[in-house]
Amino acid sequence: MSEIFLLDEATMNRSMTRISYEIIEQYKSVDDLVLVGIKTRGVHIAKRLQKKIESIENQPVLLGEIDITLYRDDRHEPDPTVDPIINGTNIPFSLNGKNVVLVDDVIFTGRTVRSALNALMEYGRPKTISLAVLIDRGHRELPIRPDYVGKNIPTSKKEEILVKLHEVDDEECVTLKKV
């Protein structure tokens, strides 16, 4: 199947810069701000947002990584005796009283975010939790919506959005693929 090119590196960077400013405006202070990226691409986007916010505010921002594998409700293994691959969560600090921004590359049904919310609760009770995504493609199955969106790209359920990042894919773009 062919892929349709949607966003280039410059557009993706501008979207992340805008999201960074929106987060700063929302919280007024980054003192209690924590970014938590959902593995895998959400972590890389969270790291980029962290760098942008830190350069704007001249202040460090905490960063965590969360693996939702064990929290998914839509994981179906062909062989129930096979253990899922766990990539590890890294949140070496308490989330108590923090303003947490959960970060992912694409939001679709909302199930990944729901899983991430469940996983986050093991690390404390945040003051607030908001959601930042690079792409919102619609088709929610749960009442979850992002607070910060790089780009809304309406899709059909027979299409897939692919976010490609240098850190993972050796290229930087967003494409649409028919499935």
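The chain has the name Bifunctional protein PyrR in an unreviewed UniProt entry, where Granulicatella elegans ATCC 700633 is given as its organism.

Novice: Outline the overall build of the chain, listing residues and values.
Specialist: For the chain, the helix and strand inventory stands at four helices and eight strands. Helices and strands appear in the chain in the N-to-C order β-α-β-α-β-β-α-β-β-β-α-β. Here the chain, with 179 residues, has 46% of them falling under the buried criterion. Put simply, 69% of the contacts in the chain that link residues at least 6 apart link residues at least 24 apart. Working note: accessible area of the chain is about 9,500 Å², and carbon and sulfur atoms make up 49% of it.

Novice: Describe the pattern of salt bridges, listing the residues and the values that go with them.
Specialist: Inspection of every chain in the model, using the stated rule, returns 13 salt bridges. Linking E3 and K164 is a salt bridge whose minimum nitrogen-to-oxygen distance equals 2.8 Å. You can see E3 sitting in strand β1 (residues 3–7) and its partner K164 sitting in strand β7 (residues 159–164), a full 161 residues away along the chain. A relative accessible area of 14% means that K164 is categorised as buried. One salt bridge in this structure joins R145 and D147, with 3.7 Å as the shortest N-O distance.

Novice: Got a sec to walk through the packing of helix α1 (residues 9–27) against helix α2 (residues 41–57)? Specific residues and values, please.
Specialist: Packing of α1 against α2 leaves a shortest axis separation of 9 Å and a crossing angle of 60°. Judged on the interaxial angle alone, α2 and α1 are oblique. Remark: the crossing between α1 and α2 carries right-handed chirality. Contact residues: N13, M16, T17, I19, S20, Y21, I23 and I24 in α1; I45, R48, L49, K52, I53, I56 and E57 in α2. Broken down by class, the residue content of the contact of α1 with α2 amounts to nine nonpolar, three polar and three charged.

Novice: Can you explain the packing of aromatic side chains? Please cite residues and give values.
Specialist: A full pass over the atoms with the stated rule returns zero aromatic pairs. Directly above the aromatic system of F108 lies the positively charged group of R137, at a separation of 3.8 Å from the ring centroid.

Novice: I'd like to hear about the sheet that holds β7, residue by residue, with values.
Specialist: Taken together, three strands build an open sheet; the order of strands is β1-β8-β7 and the sheet is antiparallel. Bordering the open sheet on either side are β1 and β7, each of which pairs with just one other strand. Strand after strand, the sheet turns through a mean of 30° between neighbouring axes, direction not considered. Here six bridges tie β7 to strand β8 (residues 173–178), and the two strands are oriented antiparallel to one another. Directly across from K164, in β8, lies its bridge partner C173. Where α1 meets the sheet, its contacts fall on β1, β7 and β8, and the angle it forms with β1 comes to roughly 45°.

Novice: Lay out the environment of L62 in plain terms, naming residues and giving numbers.
Specialist: Mapped onto the elements, L62 comes out in strand β3 (residues 62–66). According to the relative accessible area criterion, L62 is partly exposed, its value standing at 35%. Counting along the chain gives 38 residues from L62 to V100, while the straight-line C-alpha distance between them is 9.6 Å.

Novice: So, α2: which residues are in play, and what are the values?
Specialist: Along its 17 residues, α2 runs 24 Å from first to last C-alpha, staying within 8% of the 24 Å computed at 1.5 Å per residue. Every buried residue of α2 is listed here: G42, V43, H44, I45, A46, R48, L49, Q50, K52 and I53. Where α2 is buried, its residues contact α1, β2 (33–38), β3, β4 (99–107), β5 (128–136) and α4 (166–169). Phi turns positive, to about 50°, at N58, one or two residues after α2.

Novice: I'd like a description of the pairing of β8, backed by residues and values.
Specialist: Here β1 runs beside β8; their pairing, made up of four bridges, is antiparallel. When the sheet's bridge partners are listed, I4 is paired in β8 with L176.

Procedures and definitions
Residues numbered from 1 in each chain as written. Predicted model: local features only at pLDDT ≥ 70, side-chain atom pairs only at ≥ 80, totals over all residues. Heavy atoms only, no water. Helix = DSSP H or I, 4+ residues; strand = E, 2+ residues; numbered from the N terminus. Buried < 20%, exposed > 50% of the residue type's maximum accessible area, 1.4 Å probe, protein only. Contact = heavy atoms within 4.5 Å. Areas by Shrake-Rupley, 256 points an atom, 1.4 Å probe, with all protein chains shown as cover. Salt bridge = Lys/Arg side-chain N within 4 Å of Asp/Glu carboxyl O. Axes fitted to C-alpha atoms, helices over the stretch in contact; angles between N-to-C directions. Parallel < 35°, antiparallel > 145°, perpendicular 65-115°, else oblique. Left-handed = near helix turned anticlockwise from the far one by under 90°. Nonpolar A, V, L, I, M, F, W, Y, C, P; charged D, E, K, R; others polar. Phe/Tyr/Trp six-rings, centres within 6.5 Å; stacked < 30°, edge-to-face > 60°. Lys NZ or Arg CZ within 6 Å of the ring centre and 35° of its normal. Pairing = 2+ DSSP bridges. Expected span 1.5 Å × (residues − 1).

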